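Observations on chain architecture
Listed below, chain by chain, are the residues.
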Amino acid sequence: MPTSLTLYTANRNYSSWSLRPWLLMRALDMPFKERQLRFSPGFHDEISRISPAGRVPVLVAGELVIWDTLAIVEYLAERFPLHGVWPAQPGDRARARSVCAEMHSGFSALRQAMPMNIEARLPGLGWSVRVQDDIDRIVALWTSLRSAHAARGPFLFGTFSAADAFFAPVVSRFETHQVATPPVCDDYRRAVLALPAMQEWIAGALAEHCFVAEDEPYRRSRD
Ligand SMILES: N[C@@H](CCC(=O)N[C@@H](CS)C(=O)NCC(=O)O)C(=O)O
């Protein structure tokens with residue numbers, strides 16, 4: 001009997017890194033339990049008891065503790081080889097890993113200036129030339145992947161994969177900050193937002209009412 005999985009996450013409204021593996025697991029029907037923490041004065045102590053890195057997400061499989069989104073996604077790909085975490089073709093797989101790695105280590109201007117805040121609508125707030133450079137790169141990436149894979153479905157590599165889970169928080173930021181994108185990217189944004197798992201996450205975020213709750217002071221630099 002395989003060990004059961006527990007995913008540690010934080011506020012749905014703010015925690016962009018939590019959203020990525022949660023969305024992947026939910027959209028691809030992987031069984032898991034969730035332990036949701038809240039960004040609060042006790043957060044660091046609580047998560048540090050599970051993972052010394054002190055951040056979410058963390059995936060626990062029996063004695064095994066896996067932290068950092070890329071490592072979690074690779075573990076899931078090995079544990080669920082038939083669930084389509086990565087695209088089927090080796091070249092696409094390498095490209096999908098490249099875009100996830102670029103998301104993981106890049107787009108710092110966008111991430112800092114436009115943090116994920118699902119319940120808010122802040123048109124234009126945080127815009128700068130450096131943020132626009134990140135937006136332009138994302139638009140170029142989405143446009144070229146969509147034109148290459150349009151025949152196989154509405155996602156970056158046709159069918160939903162880890163690449164879409166990695167960019168889901170960017171889709172959300174673009175809604176919050178009302179970032180204008182070309183029609184091909186608008187279609188992609190709609191496809192991500194329409195995923196039942198994404199809708200479930202968004203509904204959870206709205207139910208948190210972070211803006212009026214005590215969590216608001218803890219939201220900065222949580223990305
Ligand atoms: N490189 C990590 C980043 C994880 C991360 O930064 N998580 C944020 C929440 S979205 C966090 O736990 N922040 C805690 C803090 O800033 O104290 C990953 O890919 O999982």
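Calculation rules
- Residues numbered from 1 in each chain as written.
- Predicted model: local features only at pLDDT ≥ 70, side-chain atom pairs only at ≥ 80, totals over all residues.
- Heavy atoms only, no water.
- Axes fitted to C-alpha atoms, helices over the stretch in contact; angles between N-to-C directions.
- Helix = DSSP H or I, 4+ residues; strand = E, 2+ residues; numbered from the N terminus.
- Parallel < 35°, antiparallel > 145°, perpendicular 65-115°, else oblique.
- Left-handed = near helix turned anticlockwise from the far one by under 90°.
- Contact = heavy atoms within 4.5 Å.
- Nonpolar A, V, L, I, M, F, W, Y, C, P; charged D, E, K, R; others polar.
- Phe/Tyr/Trp six-rings, centres within 6.5 Å; stacked < 30°, edge-to-face > 60°.
- Buried < 20%, exposed > 50% of the residue type's maximum accessible area, 1.4 Å probe, protein only.
- Pairing = 2+ DSSP bridges.

1. Structural notes on the packing of helix α1 (residues 16-27) against helix α9 (residues 196-208)
Direction vectors running N to C along α1 and α9 enclose 135 degrees, while the axes themselves pass 9 Å from each other. Taken together, the axes of α1 and α9 are oblique relative to one another. Crossing geometry of α1 relative to α9 is assigned as right-handed. Of the residues in α9, those in contact with Ser-18, Leu-19, Trp-22, Leu-23, Arg-26 and Ala-27 of α1 are Ala-197, Met-198, Glu-200 and Trp-201. Residue composition of the contact of α1 with α9, grouped by class: 7 nonpolar, 1 polar and 2 charged.

2. What about the packing of aromatic side chains?
Per the counting criterion, the structure on display carries 8 aromatic pairs. Aromatic side chains Trp-142 and Phe-167 sit 6.0 Å apart centroid to centroid with 85 degrees between the ring planes, which places their arrangement in the edge-to-face category. Here Phe-167 lies in helix α7 (residues 162-176) and Trp-142 lies in helix α6 (residues 129-149), a separation of 25 residues in the sequence. The same class applies to Trp-142 as to Phe-167, namely buried. Here Phe-155 and Phe-160 contribute two aromatic rings whose centre-to-centre distance is 5.7 Å and whose plane-to-plane angle is 85 degrees, an arrangement assigned as edge-to-face. In this structure, Phe-155 and Phe-160 share a single accessibility class: buried. Aromatic ring contacts, followed pair by pair, group Phe-107, Trp-142, Phe-167, Phe-174 and Tyr-188 into a single cluster.

3. Things to note about unusual backbone geometry
A cis geometry characterises the amide bond from Val-56 onward to Pro-57, with omega recorded as 5 degrees. When you line up the elements, Pro-57 lands in the loop between α2 (43-50) and β3 (58-61). Of note, Phe-107 is a non-glycine position whose phi angle comes to about 55 degrees, a positive value. Residue classification places Phe-107 among the buried residues on the basis of a relative accessible area of 6%. If you check the backbone angles, Gln-178 has positive phi at about 50 degrees while not being a glycine. Within the fold, Gln-178 resides in the loop between α7 and α8 (183-194). Using a relative accessible area of 47% as the deciding quantity, one classes Gln-178 as partly exposed.

4. A few points about the sheet that holds β3
Taken in spatial order, the 4 strands line up as β2-β1-β3-β4 in an open sheet, and their pairing is mixed. On the outer flanks of this sheet lie β2 (33-36) and β4 (64-67), each paired with one strand and no other. Each strand axis lies, on average, 20 degrees off the axis of its neighbour in the sheet, ignoring direction. Sheet topology places strand β1 (residues 5-9) next to β2; 4 bridges connect them, and they run parallel. Looking at β2, one finds that Tyr-8 is bridged to Arg-35. Of the strands in this sheet, β1, β2 and β3 touch α1, which is tilted by about 145 degrees from β1.

5. With respect to the pairing of β4
Sheet topology places β3 next to β4; 4 bridges connect them, and they run antiparallel. Of the residues in β4, the one forming a bridge with Val-60 is Val-65. Following β3, the chain reverses through 2 residues before pairing antiparallel with β4; Gly-62 in that reversal takes a positive phi of roughly 65 degrees.

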